[in-house]
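Below, each chain spelled out in residue letters.
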Amino acid sequence: MAPPQPNVLIVEDEPAQREVLAYNLEAEGYRVTRAENGEEALILVEEDTPDLIVLDWMLPSVSGIEICRQLKTRSETRGLPIIMLSARSEEVDRVRGLETGADDYVIKPYSVVELMARVRLQLRRTRPSTVGERLEFDDIVLDSESHKVFRGESLVKLGPTEFRLLSTFMEKPGRVWSREQLLDRVWGRDIYVDTRTVDVHIGRLRKALCANGGEDPVRTVRGAGYALG
Ligand code: CA
């Protein structure tokens, strides 16, 4: 199984621009979802919340500004990073002035290298384990670039699924994840896996983390799921 790749939603009505964006994002290893307009984007966000949205300002009917504002007012999508694309710098100034809550703005025509850097920057903040960051929690260190985990001085041997489980936990220590959320994040929505499978892999993760002693850092939350710490 491949590592959990961030899902990027592209909202752009011009097919050529949409495809160029999709091509470049896919080349960087991201999963890409496409929307041609704002209404479609809102439905897609509801169905499968992406990790980041690249949102064009000029869209038919509902503008990018309006989409951005709607997503930033909902508690479920407030933390979702949005990069707005705009044709001219004066537009960007206007968009900024409208306080849409967009996390970043890129002016068209943009350099692909710059846009990819901005995407990475946003994901480093929200999905650090997917962009080669080193994560730490207590005496556990996870290096997502080398795919290695240490507890204290010892190397922790993990299978790919356990590694992804731990990455998910370490991105948000203390957060309680339901089994369904873990299935979505670690296994992916397209694969049917029984929720009991999650328990099996949590068991393996615990065993591996405690192989050289130390307390079990994974917490079972009755009726809710699991959390780290
Ligand atoms: Ca457009």
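As a convention, each chain's residues are numbered from 1 in the sequence order in which they are written. The predicted nature of this model means local features are confined to residues of pLDDT at least 70 and side-chain atom pairs, given and counted, to a pLDDT of 80 or more, with totals for whole chains, interfaces and linings taken over all residues. To get the side-chain values, all heavy atoms of the structure are used, and hydrogens and water are removed first.

Q: Can you walk me through the environment of Leu121 in this structure?
A: Strands here mean DSSP runs of E at least two residues long; helices mean DSSP runs of H or I at least four residues long; both are numbered from the N terminus. Within the secondary structure, Leu121 sits in helix α5 (residues 112-126). Taking the C-alpha atoms as reference points, Leu121 and Ile65, 56 residues apart in sequence, are found 21 Å from one another.

Q: So what exactly am I meant to see when it comes to helix α8 (residues 195-209) here?
A: For an α-helix, 3.6 residues make a turn, and residues three or four places apart therefore share a direction. In a helix, the anticipated span is given by 1.5 Å times the number of residues less one. Here α8 contains 15 residues, and its C-alpha end-to-end distance of 22 Å stays within 8% of the 21 Å for a straight helix at 1.5 Å per residue. Accessible area is worked out with a 1.4 Å probe on protein chains only. A residue is then buried under 20% of its type maximum, exposed over 50%, and partly exposed in between. Within α8, burial applies to Val198, His201, Ile202, Leu205, Arg206, Ala208 and Leu209. Each buried residue of α8 lies within a common arc of 160° when the element is viewed along its axis, so the set occupies one face. Away from its buried face by more than 90 degrees, α8 exposes Arg196 and Lys207. We call two N or O atoms a polar contact when they sit within 3.5 Å, provided that within protein one can donate a hydrogen and the other can accept it, with sequence-adjacent residues counted only if both atoms are side-chain atoms. Here α8 starts with a cap whose side-chain oxygen sits 2.9 Å from the backbone nitrogen of Arg196, and that cap is Asp194. In this description, one arc is meant: the one made by directions from the helix axis to the C-beta atoms.

Q: In this structure, what is going on with the nonpolar core? I would like to understand it.
A: Here, nonpolar core refers to any group of buried Ala, Val, Leu, Ile, Met, Phe, Trp, Tyr and Cys residues whose side-chain atoms link them within 4.5 Å. Leu166, Phe169, Met170 and Val218 are the most contacted members of the largest nonpolar core, which has 25 residues in total. Those elements giving two or more residues to this core turn out to be β6 (134-137), β7 (140-143), α6 (160-171), α7 (179-187), α8 and β11 (225-228). Not counting residues within four places of it along the chain, the set of residues in contact with Phe169 comprises Trp177, Leu182, Ile202, Leu205, Val218, Tyr226, Ala227 and Leu228. Contact between two residues is taken to exist if any of their heavy atoms lie within 4.5 Å; hydrogens are not considered.

Q: Looking at this structure, how should I read the pairing of β6?
A: Side-chain alternation along β6 places Leu135 and Phe137 on a buried face and Arg134 and Glu136 on a face that remains uncovered. Pairing between two strands requires that DSSP report at least two bridges joining them. Between the end of β6 and the start of β7, which pair antiparallel, lie two residues, with Asp138 showing a positive phi angle near 50°.

Q: What am I meant to see in unusual backbone geometry here?
A: Most peptide bonds take the trans form, and the phi angle of most residues other than glycine is negative. Here the amide bond leading from Lys108 into Pro109 is cis, since omega sits at -5°, within 30 degrees of zero. Residue placement: Pro109 occurs in the loop between β5 (104-107) and α5. A positive phi angle is found at Asp138, which is not glycine, with a value near 50°. Relative to the assigned elements, Asp138 resides in the loop between β6 and β7. A positive phi angle is found at His147, which is not glycine, with a value near 60°.

Q: I would appreciate a short explanation of the domain arrangement of the protein chain in the present structure.
A: Boundary definitions for the domains trace back to an automatic or database domain assignment. According to the domain assignment, the protein chain consists of domain 1 (7-126) and domain 2 (132-228). Between the C-alpha centres of domain 1 and domain 2 there is a distance of 30 Å. Facing the five residues of domain 1 at the interface are five residues of domain 2. Summed over both partners, buried area is the accessible surface (1.4 Å probe) that two parts give up on being assembled. Summed over both sides, the interface of domain 1 with domain 2 buries roughly 370 Å², with 28% coming from carbon and sulfur. A salt bridge links Asp51 to Arg185; its shortest N-O distance comes to 4.0 Å. The interface formed by domain 1 and domain 2 includes one residue pair in polar contact (both at pLDDT 80 or more). The nonpolar class holds Ala, Val, Leu, Ile, Met, Phe, Trp, Tyr, Cys and Pro. Asp, Glu, Lys and Arg form the charged class, and all remaining residues, Gly among them, are polar. Looking at side-chain class alone, the side of domain 1 that touches domain 2 contains no nonpolar, one polar and four charged residues. Here a salt bridge means any side-chain nitrogen of Lys or Arg lying within 4 Å of a carboxyl oxygen belonging to Asp or Glu.

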